[in-house]
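Chain and residue survey
One letter stands for each residue in the lines below.
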Amino acid sequence: MSTEFISPSGLRLDGRRPHEIRHIHFQQNLFPKASGSCYFEQGNTKVIVTVYGPREVTRGISLMGRAVINCEYSMATFATGERRPRGKGDRRSMEISQLLQKTLESVVLVEKFPRTQIDVFAHVIQADGGTRCACLNAATLALMDAGIPLKDFVVSCAAGYLDNTPLCDLNFVEDSAGGPDLPIAYLPTSGNVAMIQMDSKVSLDHFENILETAIQGAKQIYSILQRGVEERVKELAKSKGLS
Amino acid sequence: TFKKKMIKLSNDEKSFIKQSIKHNLREDGRERLSYRSFSVELGTFAQTNGSARVTLADTDVIVGIKAEVGKVHPNFPDEGIIQLEVECSTSVSASFEGRGGEEMASNLKRMLSLLLSRHGSPLYQQLCIIPNQLCWILHIDCLIVQSQGNLLDCLSFAIRAALQHTTLPKVNATELLPEEEDVQVGEETFMDMNTQYELELEGDGDPESVMHLDISQFPIVISFGISEGSSIYVDATLREEACTGARLSIAINEAAHVCSIEKFGTSIRPDMVVSCLTFAKSIAKEKLDRLNEAVSREQKKQRELHMVPVFS
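Reference entry: report on the structure contained in this document. (Residues numbered from 1 in each chain as written. Chains lettered and ligands numbered in written order. Predicted model: local features only at pLDDT ≥ 70, side-chain atom pairs only at ≥ 80, totals over all residues. Heavy atoms only, no water.)

All names here are of chain A. The strand order across the open sheet built from five strands is 1-2-3-5-4, with neighbouring strands paired in mixed fashion. Both outer strands of the open sheet, strand 1 (24-28) and strand 4 (68-75), are each paired with one neighbouring strand and no more. Geometrically, the sheet is characterised by an average inter-axis angle of 15° between neighbouring strands, direction not taken into account. Pairing of strand 4 with strand 5 (residues 116-126), which is carried by eight bridges, proceeds in the parallel orientation. Bridging across to strand 5, V68 finds its partner in Q117. The sheet contacts of helix 2 (residues 131-145) involve strand 1, strand 2 (36-42), strand 3 (45-56), strand 4 and strand 5, and relative to strand 2 the element is tilted by about 145°. Each of strand 1 and strand 2 touches helix 4 (residues 204-239); the most contacted strand, strand 1, lies at about 35° to it. (Pairing = 2+ DSSP bridges. Helix = DSSP H or I, 4+ residues; strand = E, 2+ residues; numbered from the N terminus. Axes fitted to C-alpha atoms, helices over the stretch in contact; angles between N-to-C directions. Contact = heavy atoms within 4.5 Å.)

So this is what it looks like as structure tokens:
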């Protein structure tokens, strides 16, 4: 018995339409001790990203003309359905840590902080698909909270293809269904793609459709994040008597 | 010791803090035996059997409990197994990257296990499914999100709240004879080296047919700092912890039974221990009442609301 991912009336398992993203909620500046932080929810996926720096280099060598971005991705033991005793240091976590680093390198203005280190620590406390996307979105917000200058927002969204339909923002069940999973990181102002990955296989005819779905999803996320950040900045300005 | 690495204080600051404790007017204005305010959130994580988040001023911890069925421990054949793990998130400090937080986490795990595990208590016995064979294994996973002192107490509140929130399905386990037929739909087979068991959910997976845990005897921890040999105080902040030589943690339950005592640091006079025990009784009663009240308020809210964002 195969699962139906899209009902006859066009609804997905969680009631969304194929092009709809999940509900997003975020809050910045959770931890006064850190330079910046953000709690981010994308549907049932919940992540916390903490940023420290720019500060003195503790890991590896400092670079002469620029900052080093140091990322770590980890998951809480109770984050997934199956309990994971070791949440960091495993292959998947290392891979996503590197992915975060490479993607953020393309937007952070690292030349402004030579010989320093910027730490970005992502911790997934509940996982329901799209954890790397949620972490990238949260990382952008946490870096902004830390006052680190960025060339652009990084918004990330994954898309897939099931039951002959491109689907936007996959949850865990849809992700594990065996179809393609295409997470992207999108820079809204330039319209460029900063990161793109794909697993499973898909024919070239469908690929462009899926990519476009992911980009549309990222644009939807961007408008939500942009609005939220603007509101917060207005509030901060008001509390400092600037507006 | 491990906590002193996190805070650097000058001698004058240390002396000021010690004097403030002695004069019953601490840095944040509290009296010696007064706690900061705490809040409890339940059921924040849907993937767990039970979960809770407790914040004690700026100290913030999350506890998630997951249950699985397994073989009993040979030394305790008619009890379940409770395993405690602690993890320090990188949001506490940048130095907890990679394996940096492991030392502090394993220290906390060891202390909590010593204070809270009580073989023979109703909770452990309730977790047994078939004596000598099968039992529930509860994995209590603690995540420290922020630390501003007094992690032991905060963790114990969160563990107790999470246990109160935990529900386990009622199972009937029957031993399968070797000639048993294929397993029917709706039942799970648990395989052991020698014996095969068939696990059946009572009530056919009806959400109302669940087992709540008996935490009537489960203790909470009240930690005391003993400054300058004679000033006893509770709920230390990070800075106070860095100046205090001796600490005494007492695990005490609703029946005012002292479940266990752990002492850390420098030596103390025996009458200090007796004083702490006396204070612990009244403080624990008040904290347990407030904790129970917060938990039942949350449970009522859970029944009305569906999903609440964790940090809001």
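Now for the packing of aromatic side chains. Residue and element names in this part refer to chain A. The final tally for this structure, using the stated rule, is six aromatic pairs over all chains. Between the aromatic rings of F26 and F40, the centroid separation amounts to 6.5 Å while the plane-to-plane angle is 20°, which identifies the pairing as stacked. Remark: F40 occurs in strand 2 and F26 occurs in strand 1; sequence separation between them is 14 residues. Ring plane angle 80° and centroid distance 5.1 Å describe the contact between F153 and Y222, whose orientation is recorded as edge-to-face. (Phe/Tyr/Trp six-rings, centres within 6.5 Å; stacked < 30°, edge-to-face > 60°.)

Okay, the sheet that holds strand 14 (residues 246-252) of chain B next. Residue and element names in this part refer to chain B. With respect to topology, four strands assemble into an open sheet ordered 13-12-14-15, the strand pairing being antiparallel. Looking at the sheet topology across the chains shown, the edges are occupied by strand 13 (231-234) and strand 15 (258-265). The mean inter-strand angle of the sheet, taken between neighbouring strand axes irrespective of direction, is 25°. Summarising the sheet, strand 12 (residues 220-227) and strand 13 pair through four bridges and their orientation is antiparallel. Counted as the bridge partner of I226 is I232 from strand 13. Of the strands in this sheet, strand 12, strand 14 and strand 15 touch helix 4 (residues 151-165), which is tilted by about 170° from strand 12.

This is a description of form; function is not addressed.
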